[in-house]
Amino acid sequence: MKVLSVISILLDYPHAELLDARAELEAIVTGSELDAAHQALVLQFIAERFAMDTMDWQAEYDGLFERGRSLSLLLFEHVHGESRDRGQAMVNLLDQYHQAGLEISAKELPDYIPLYLEFMSTQGSENGRYGLEEVAPILALLACRLEKHQSNYANLLHALLSLSKVDVDLKDLREQIVDEQPDNTPKELDKVWEEEMVSFMDNAQTGCNSSNKPSETQRRDQHIPLNTELLQPKSNSQRL
């Protein structure tokens, strides 16, 4: 599904060079598996964002996705938070990337949504849809939170949900997050920094286990859907 690669690019940090690819991106969207309504949403996003000043776009992107955790583009942030289970989940995910022959930059975390989408775009339509199905609860949560921020990035998440074919109760999700408070304020960011410092000191005292390394074997002849069984929505008692 080439359209996953397009949405991956649009969800990544915006660069001025992206503007030169507009016609190509729009052509892929209009020829994609997306239905007409969701094609229109993605094309609307492209039109609105590409009409912006790039620096304004970058500043808005930072404000949405780089501050706070509620709109994090890291999948496991919404599943494991800062628990130790997150590290092993990262190793498992990275191993599956390597098995499919994907090499990623050292600066990218394997659960970064644009990276995940780029991988799924190479795995064929069936596996691509399956991969989206596995993370649909997280995509739906992000879509609803972006709606609450009145951000047109919600268009992209809704397009992904459409491709996943998963029937998610968005009305219920919207009700669950209606009373959520912003987590990107200076006060909340200071609180997160303090929590991370405590976690860092604990890890420094107990040491880290780095023995679980992914295999170096690469296989480019086999489509392998990611095993994302850990990506399950939190229960209602754990307020999203």
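The structure reproduced in this document is the subject of the present report. (Residues numbered from 1 in each chain as written. Predicted model: local features only at pLDDT ≥ 70, side-chain atom pairs only at ≥ 80, totals over all residues. Heavy atoms only, no water.)

## Looking at unusual backbone geometry
Operational definition: Strands are runs of DSSP state E lasting at least two residues, helices are runs of H or I lasting at least four, and both sets are numbered from the N terminus onward.
We note that Q150 has phi near 55°; this positive angle belongs to a residue other than glycine. Summarising the element assignment, Q150 is placed in the loop between α7 (124–148) and α8 (153–164). A positive phi angle, close to 65°, is found at K165, a residue other than glycine. Looking at the element boundaries, K165 is found in the loop between α8 and α9 (170–176).

## What to know about the packing of helix α6 (residues 113–120) against α7
Two quantities define a packed helix pair, namely the angle between the axes and the distance from one axis to the other. The condition that has to hold: As a rule, the C-alpha atoms of each element are fitted with a line to give its axis, helices using only the stretch in contact, and angles between N-to-C directions run from 0 to 180 degrees. Note on angle classes: values under 35 degrees are labelled roughly parallel, values over 145 roughly antiparallel, values of 65 to 115 roughly perpendicular, and the remainder oblique. By definition, residues are in contact when any of their heavy atoms lie within 4.5 Å. Under this grouping Gly is polar, as are all residues other than the nonpolar Ala, Val, Leu, Ile, Met, Phe, Trp, Tyr, Cys and Pro and the charged Asp, Glu, Lys and Arg.
Relative to each other, α6 and α7 sit at 160°, their axes nearing to 9 Å. In terms of orientation, α6 lies roughly antiparallel with respect to α7. Facing α6, whose interface residues are I113, Y116, L117 and M120, α7 presents G124, N127, G128, G131, L132, E134, V135 and L142. Across the contact of α6 with α7, the residue classes tally to 7 nonpolar, 4 polar and 1 charged.

## Some thoughts on the environment of E118
We count it as follows: Throughout, exposure labels follow a simple rule: accessible area from a 1.4 Å probe, protein chains only, divided by the maximum for the residue type, with under 20% read as buried, over 50% as exposed, and the rest as partly exposed.
If you trace the backbone, E118 turns up in helix α6. For E118, a relative accessible area of 31% translates into the label partly exposed. Considering only alpha carbons, one finds E118 and V6, 112 residues apart in sequence, at a separation of 8.5 Å. Excluding residues within four positions of it along the chain, E118 makes contact with S5 and S8.

## A word on the side chain of R49
Along the polypeptide, R49 turns up in helix α3 (residues 36–50). For R49, a relative accessible area of 3% puts it in the buried group. Leave out the neighbours within four places in its chain, and R49 touches W57, E60, S151, N152 and Y153.

## Describing the side chain of Q58
Along the chain, the position of Q58 falls in helix α4 (residues 54–65). Under the relative-accessibility criterion, Q58 is labelled buried at 17%. Sequence-distant contacts of Q58, that is, excluding residues within four places in its chain, are made with Y13, P14 and H15.

## Remarks on the nonpolar core
Quick note on the threshold: Here, the term nonpolar core denotes a set of buried Ala, Val, Leu, Ile, Met, Phe, Trp, Tyr and Cys residues that are joined through side-chain atoms within 4.5 Å.
Formed by 60 residues in total, the largest nonpolar core has its most connected members in L10, L11, Y153, L156, L157 and L160. If one sorts the elements of this core by residue count, α7 sits on top with 11 residues. In this view, L11 contacts Y61, L73, Y112, I113, P114, L117, Y153, L156, L157 and L160; residues no more than four positions away in its chain are not counted.

## Details of α7
This is how the line gets drawn: What we call the bend at a residue is the angle made by axes fitted to the seven residues finishing there and the seven residues starting there.
By the largest-angle criterion, V135 marks the main kink of α7, which is about 65°, and a proline, P137, follows within four residues. Directly beyond the C-terminal end of α7, a positive phi value near 55° is found at Q150.

## Re α4
Quick note on the threshold: Each helix should span, by expectation, one fewer than its residue count multiplied by 1.5 Å. Directions from the helix axis toward the C-beta atoms define the arc.
In this model α4 runs 16 Å from its N-terminal to its C-terminal C-alpha over 12 residues, within 8% of the 16 Å that 1.5 Å per residue would give. Listing the buried residues of α4 in full gives T54, W57, Q58, Y61, L64 and F65. The arc enclosing the buried residues of α4, seen along the axis, measures out at 130°, which places them on a common side. Where the residues of α4 are buried, they touch α1 (2–11), α3, α7 and α8.

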